[in-house]
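# Coordinate inspection notes
Below, each chain spelled out in residue letters.
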Amino acid sequence: MVGTPQTLCHELLFRLAGRLDDDELWRYRDWLDGGAEAVIARALPRTLLHDRIGLTAEEHRLLTEALVPAGASPALLAGVLSLESEPQTNFRFTSVTPSGTNAGDSAAVVLGAVLRGRASIGEVRSTWRMTGEPADDPRRVLLVSAAAEHVRLTAELQRVLRALGEHDPCVEVALPEQRLPSYHRAAWADSEVVLTGPARLTHA
């Protein structure tokens, strides 16, 4: 995909959902919206190296084209592990709000009010991410297809969810006709519609 460094960085972070920790991912997205690409260029490669997160050839391309213009070291980027193919997600998802979770309907109502009538919105869906471990808290994942303003929209929805009490919000805004990674395909397959907008968008 051809785009600006900011758009390419958004796509890379989208692909890293489920691989980067939630608390790191939402901060990177918030920094991107704030124009702090230089901070991301220094921090993200070190996070990938420290956590031994590998990238496919396409993800390496996104990393280089997004972050080198912002000052990332090409030598540091070259040290990030390479993957032969896209990793499969270890998470499972459910559209059923887990018992004991109090951020269900009220969040959907607020999100619907925030996004209703926006021409760029295709569909907004909600799902709950589970790991199968009894001690693990279910996490809401908000899935959005949008025709424009992906970086700003991601950060805006993260702020809304944080205001509603979600400390590390999981917001996934897909680019038009984007091929979804396995994490997002699994999430989309078992999610419920929060809002349908006027934009007609498809994802593979």
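Let me sum up the structure you'll find in this document. (Residues numbered from 1 in each chain as written. Predicted model: local features only at pLDDT ≥ 70, side-chain atom pairs only at ≥ 80, totals over all residues. Heavy atoms only, no water.)

### Digging into the overall build of the chain
- A count of helical and extended segments in the chain gives eight helices and five strands.
- The C-alpha atoms of the chain give 16 Å as radius of gyration, which agrees with the globular expectation for 204 residues (17 Å, within 12%).
- Its C-alpha atoms put the chain at 50 × 40 × 30 Å along the principal axes.
- Considering the chain as a whole, with its 204 residues, one finds that 46% of them fall into the buried category. (Helix = DSSP H or I, 4+ residues; strand = E, 2+ residues; numbered from the N terminus. Rg over C-alpha atoms; globule rule 2.2 N^0.38 Å. Buried < 20%, exposed > 50% of the residue type's maximum accessible area, 1.4 Å probe, protein only.)

### Looking at the pattern of salt bridges
- Using the criterion set out here, one finds 16 salt bridges in the structure.
- Residue Glu-172 pairs with Arg-29 through a salt bridge whose shortest N-O separation is 2.8 Å. Separated by 143 residues along the polypeptide, Glu-172 in strand β4 (residues 170-174) and Arg-29 in helix α2 (residues 22-33) bring together distant segments of the chain. You'll find Glu-172 and Arg-29 in the same group, each marked buried.
- Glu-58 is the partner of Arg-61 in a salt bridge, and the nearest nitrogen-oxygen pair spans 2.6 Å. Placement of both Arg-61 and Glu-58 in helix α4 (residues 57-67) is noted, with a separation of three residues, approximately one turn of the helix.
- Arg-61 sits in the partly exposed class, given a relative accessible area of 24%.
- Here the salt bridges share partners, and the residues they tie into one network are Glu-11, Arg-15, Arg-19 and Glu-59. (Salt bridge = Lys/Arg side-chain N within 4 Å of Asp/Glu carboxyl O.)

### A closer look at the packing of α2 against helix α7 (residues 150-163)
- Between α2 and α7, the shortest axis-to-axis distance is 9 Å and the interhelical angle comes to 125°. Regarding the angle of α2 to α7, the classification is oblique. Taken as a pair, α2 and α7 cross one another with a handedness that is left-handed. Between α2 and α7, the residues in contact are Trp-26, Arg-29, Asp-30, Leu-32 and Asp-33 and Val-151, Arg-152, Thr-154, Ala-155, Gln-158, Arg-159 and Arg-162, respectively.
- Its residues assigned to classes, the contact of α2 with α7 comprises four nonpolar, two polar and six charged. (Axes fitted to C-alpha atoms, helices over the stretch in contact; angles between N-to-C directions. Parallel < 35°, antiparallel > 145°, perpendicular 65-115°, else oblique. Left-handed = near helix turned anticlockwise from the far one by under 90°. Contact = heavy atoms within 4.5 Å. Nonpolar A, V, L, I, M, F, W, Y, C, P; charged D, E, K, R; others polar.)

### So, the packing of aromatic side chains
- Under the definition given, this model contains three aromatic pairs.
- Centroid distance Phe-91 to Tyr-183: 5.9 Å. Interplanar angle 80°. Geometry classified as edge-to-face. Taken together, the residues span a long stretch of sequence, with Phe-91 in the loop between α5 (74-78) and β1 (92-94) and Tyr-183 in helix α8 (residues 182-189) at a distance of 92 residues.
- The class for Phe-91 is partly exposed, based on a relative accessible area of 23%. (Phe/Tyr/Trp six-rings, centres within 6.5 Å; stacked < 30°, edge-to-face > 60°.)

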